[in-house]
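Structural characterization, general
In case you want the letters, here they are:
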Amino acid sequence: MGYEQLIVDVEGDVAIVRMNNATRLNALSPTMTLEMLEALGKLREDQAIRAIVLTGEGRGFSAGADLSEFGEPYTRGERPKLSLFLKEGYNKLIPLLAEMPKPLVAAINGVAAGAGLSVALACDFRIAGDGATFTTAWVKIGLVPDAGSSYLLPRTVGMAKALELAMLSDRVDALSALGIGLVHRVVPEESLMDEARGLADRLARLPTVALGLTRRLFEEASHLSLAEALDREAHTQDEASATEDHVEGVLAFLEKRDPVFKGR
Ligand code: T3D
């Protein structure tokens, strides 16, 4: 199906999702947010897809909320309740990404700001082009971090750095982002998609169910005591060991051959 502000390409078992509102640096308009919910929801259910790359068209990854949507009501003196938009939009999109049962790679091709940064943070891997930049942006328009960044940013870079980024909202370049652990890798802009695609291909060859459960386990464990985490590990190991891929992994080891995982 065609989308207005999203391009979805499927190449083998990898889906490439491109945010496509390029004249506004892929600002997350309500249309794009709804389309992402729909497209990513379908990819989540599609057993043939085993990894997803998320990127932006043009020179931006995503500049966050589409501020042009605010202009008219604010000029008229209206004050729409932002929580209503958040609950219908980002508060559905971010969990959809963060709980995706297959790996997500953000290929950050330009600026990631505000909720655009949140989208990147909700992915498993962040590969940045060497021209990418990052800014929390919210404080510059008198807002607080949303779209999950109050949760995801401190967990990614630590509380002290997260507060600095959120309060000062400086624009951070790709190498600085690498230095604080905001991204996993920085690569030349021209090879960004090849690198992201290569990583996605590698991830798509791994036991997909175990990858999704690993992410879920880490998320759950961050709220648990050690005793509770051990218990969750035991239950989750029952889920992982019920897969064909577990049996294949063990047999391949014993037979001294490479495993062929099928993602089930
Ligand atoms: O309920 C709710 O929805 C609230 C939720 C809030 C979540 C948030 O994400 S709040 C944060 C929103 N985002 C921002 O405040 C960022 C605004 N943009 C910028 O600060 C800068 O554009 C950037 C730092 C991202 C990039 O700067 P630069 O110099 O590389 O590009 P530029 O020239 O500023 O932008 C290029 C064009 O994109 C420009 O349009 P023009 O002049 O060429 O017609 C600019 O207006 C447009 N653009 C950039 N960001 C947005 C945008 N248009 C709409 N919304 C944007 N967020």
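Residues numbered from 1 in each chain as written. Predicted model: local features only at pLDDT ≥ 70, side-chain atom pairs only at ≥ 80, totals over all residues. Heavy atoms only, no water.

1. Section: the site of the ligand
- Taken together, the neighbourhood of the ligand is formed by 24 residues, with Ala63, Ala65, Leu67, Ala115 and Asp146 sitting nearest.
- Within the backbone of Ala115, an N or O atom sits 2.8 Å from an oxygen atom of the ligand.
- Arg171 has a polar side-chain atom sitting 3.2 Å from an oxygen atom of the ligand.
- Considering each element in turn, the shell around the ligand owes the most residues, three residues, to helix 3 (residues 82-88). (Near = heavy atom within 4 Å. Polar contact = N/O pair within 3.5 Å; in protein donor to acceptor, adjacent residues only side chain to side chain. Helix = DSSP H or I, 4+ residues; strand = E, 2+ residues; numbered from the N terminus.)

2. Notes on the packing of aromatic side chains
- Summed over the entire model, instances satisfying the criterion amount to one aromatic pair.
- A cation sits over an aromatic face here: Arg79 above Tyr74, 5.0 Å from the ring centre.
- The ring of Tyr151 has Arg155 sitting right over it, with the charged end atom 3.6 Å from the ring centre. (Phe/Tyr/Trp six-rings, centres within 6.5 Å; stacked < 30°, edge-to-face > 60°. Lys NZ or Arg CZ within 6 Å of the ring centre and 35° of its normal.)

3. Some words on the pattern of salt bridges
- All told, the structure shown has 20 salt bridges when counted by the stated rule.
- A salt bridge links Asp201 to Arg197; the nearest nitrogen and oxygen atoms lie 3.0 Å apart. Placement of both Asp201 and Arg197 in helix 9 (residues 192-204) is noted, with a separation of four residues, approximately one turn of the helix.
- In this structure Asp201 comes out as partly exposed when scored by relative accessible area, which is 26%.
- Overlapping salt bridges, with partners in common, bring together Arg216, Glu220, Arg232 and Glu239 in one network. (Salt bridge = Lys/Arg side-chain N within 4 Å of Asp/Glu carboxyl O. Buried < 20%, exposed > 50% of the residue type's maximum accessible area, 1.4 Å probe, protein only.)

4. Focus on the sheet that holds strand 10 (residues 185-187)
- Read across the open sheet, the six strands follow the order 1-2-3-5-7-10; overall the sheet is mixed. Whereas interior strands pair on both sides, the edge strands pair on one side only; in this sheet they are strand 1 (6-11) and strand 10. Neighbour-to-neighbour, the strand axes of the sheet open up by a mean angle of 20 degrees, direction not taken into account.
- Pairing analysis gives six bridges linking strand 1 to strand 2 (residues 14-19), with the strands arranged antiparallel. The partner of Ile7 across the bridge, within strand 2, is Arg18.
- Where helix 1 (residues 30-45) meets the sheet, its contacts fall on strand 1, strand 2 and strand 3 (51-56), and the angle it forms with strand 1 comes to roughly 20 degrees. (Pairing = 2+ DSSP bridges. Axes fitted to C-alpha atoms, helices over the stretch in contact; angles between N-to-C directions. Contact = heavy atoms within 4.5 Å.)

5. Describing the nonpolar core
- Within the largest apolar cluster, 47 residues are counted, with the highest numbers of intra-cluster contacts made by Met36, Leu40, Ile52, Leu97, Ile108, Val119 and Phe134.
- Looking at which element gives the most residues to this core, the answer is helix 1, with six residues.
- With near-sequence residues (within four places) excluded, Met36 lies in contact with Leu6, Met19, Leu28, Gly41, Leu54, Leu93, Leu96 and Val119.
- Among the nonpolar cores identified, the runner-up in size contains 14 residues, and Val14, Val105, Ala107 and Ala204 belong to it. (Core = buried A, V, L, I, M, F, W, Y, C linked by side-chain atoms within 4.5 Å.)

6. Topic: helix 7 (residues 159-168)
- Within the span of helix 7, buried status applies to Ala162, Leu165 and Ala166. Taken down its axis, helix 7 places every buried residue within 95 degrees of arc, on the same side. Residues of helix 7 that are exposed and point more than 90 degrees away from the buried face comprise Ala160, Met167 and Leu168.
- Elements in contact with the buried residues of helix 7: helix 6 (149-157) and strand 9 (172-173).
- Ser169, located one to two residues past helix 7, shows a positive phi value of around 55 degrees. (Arc of directions from axis to C-beta.)

7. Regarding the packing of helix 10 (residues 208-221) against helix 11 (residues 226-241)
- Two elements in contact, helix 10 and helix 11, have axes separated by 10 Å at closest approach and are oriented at 165 degrees. Regarding the angle of helix 10 to helix 11, the classification is roughly antiparallel. For the element pair helix 10 and helix 11, the recorded crossing hand is right-handed. Contacts between helix 10 and helix 11 involve Leu213, Arg216, Leu217, Glu220 and Ala221 on the former and, on the latter, Ala229, Arg232, Glu233, Thr236, Glu239 and Ala240. (Parallel < 35°, antiparallel > 145°, perpendicular 65-115°, else oblique. Left-handed = near helix turned anticlockwise from the far one by under 90°.)

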